[in-house]
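The chain contents come next:
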Amino acid sequence: MLKIWFVSVLASHLLSTPHRRDDLIALSPYFCSNEVFLKDKRPFTDAQVEFAFISQSQGLSELAKTFAKDNRHRSFAFGTCSSGKNWILSSPASAAPLIERNTSIEVNPEALTHCKSYSVSAITSDSVFPKLDLKDKVFAKDTLRALSLSCTPNDKPGIGPELLALKNWNTETISRIDSPLDLIKWVNQKRRDLGLSEVKPVRRLDQIALKSSANQSLEHPHDKLLQWKKGAESSDLLLLGENRALAGSFSELSTLLWNSPAHRSLLLNARADSIGYAINEVHGQKHLVLVMATKTR
């Protein structure tokens, strides 16, 4: 993930041709090690990357570029492993979104050229509640458990916000969640532990989540969500936000949501009392859209 974001733009603002990321190509030994999804050990800060091993070796660069276009991403990388396997990768970030130093990490302005606005959020070592919309551009790593960078893109009409970066230093693993209902029980346990009220499943929100999940991607359909928000008001519901994640299991989905500052903030929204979800299978993985709201009556 989140995870979480107008209608008319100039043609010059449309998504441009993806470009090659030499910084990611240089990490070929890491990608060849099959550890792409170990968040704490990632030597890069890009979020929501798409990765695949492929058998074809000819025209690898063009295959990776096409892969990025198909994913509506801005950059691509590729490589060949010592075993002979080939890999391709695409990222929504046009450049490394966060630059990591020995003791600090900073926002890279080169990754924000397509953003109308951006937001930095963090999970710090002194609080379970995320800190949102941080104004700093340089952060001391010893104060952080997670840092994320999201932006509202000006080259994807109706989409946003888009998660460009997620860096974890101390991931809390969630285990033994086997179904969507278990996931909701887990959310409510987290909320109870922190003195928050439980959220209850609402069919109207399931319907909204199902419609929102139709794109089967990690892009938030901002304009459509605004439309559905107005429609939900007739059911006395105020939409608070949407989380999206893609993973191999429900435990992995929960781990992604909990260890992402923006996604966790929605799970722990004090106003929330209602929840809905939709699950689809996408490329052999579970695609989750989770919507939370508050009743107005």
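Here the structure is a predicted model, which is why all the values come from computation and not from measurement.

S.K.: Break down the sheet that holds strand E8 (residues 131-134) for me, with residues and values.
M.R.: Taken together, the four strands give an open sheet; going across it, the order is E8-E7-E10-E11, and neighbouring strands pair in antiparallel fashion. Only two strands of the sheet have a single neighbouring strand rather than two, namely E8 and strand E11 (162-168). Averaged over all adjacent pairs, the angle separating strand axes in this sheet is 20°, with direction ignored. As judged from the two bridges shared by strand E7 (residues 115-124) and E8, these two strands associate in the antiparallel manner. Within the sheet, the bridge partner assigned to Val120 lies in E8 and is Leu134.

S.K.: Any details on the packing of aromatic side chains? Residues and values, ideally.
M.R.: One pass over the full model with this rule turns up nine aromatic pairs. Ring geometry for Tyr30 versus Phe44: centroids 6.1 Å apart, planes at 70°, classification edge-to-face. Taken together, the residues Tyr30 in helix H2 (residues 28-32) and Phe44 in the loop between H2 and strand E2 (50-54) connect sequence positions 14 residues apart. In this structure Phe44 comes out as buried when scored by relative accessible area, which is 5%. For the ring pair Phe31 and Phe44, a centre distance of 5.6 Å and an interplane angle of 45° mean the geometry is tilted.

S.K.: Now, about the sheet that holds strand E12 (residues 200-201): what can you tell me, with residues and values included?
M.R.: The four strands lie next to each other as E12-E14-E15-E13, forming an open sheet whose pairing is mixed. Each having just a single partner strand, E12 and strand E13 (237-247) make up the two edges of the open sheet. Where E12 meets strand E14 (residues 274-282), two bridges bridge the pair, whose relative direction is parallel. The residue bridging Pro201 from the neighbouring strand is Ile275, located in E14. Against the sheet, helix H5 (residues 203-212) makes contact with E12, E13, E14 and strand E15 (285-295), and its axis sits at roughly 35° relative to E14, the strand it touches most.

Rules and cut-offs
Residues numbered from 1 in each chain as written. Predicted model: local features only at pLDDT ≥ 70, side-chain atom pairs only at ≥ 80, totals over all residues. Heavy atoms only, no water. Pairing = 2+ DSSP bridges. Helix = DSSP H or I, 4+ residues; strand = E, 2+ residues; numbered from the N terminus. Axes fitted to C-alpha atoms, helices over the stretch in contact; angles between N-to-C directions. Phe/Tyr/Trp six-rings, centres within 6.5 Å; stacked < 30°, edge-to-face > 60°. Buried < 20%, exposed > 50% of the residue type's maximum accessible area, 1.4 Å probe, protein only. Contact = heavy atoms within 4.5 Å.

The quantities given are spatial measurements derived from coordinates; they are silent on function.
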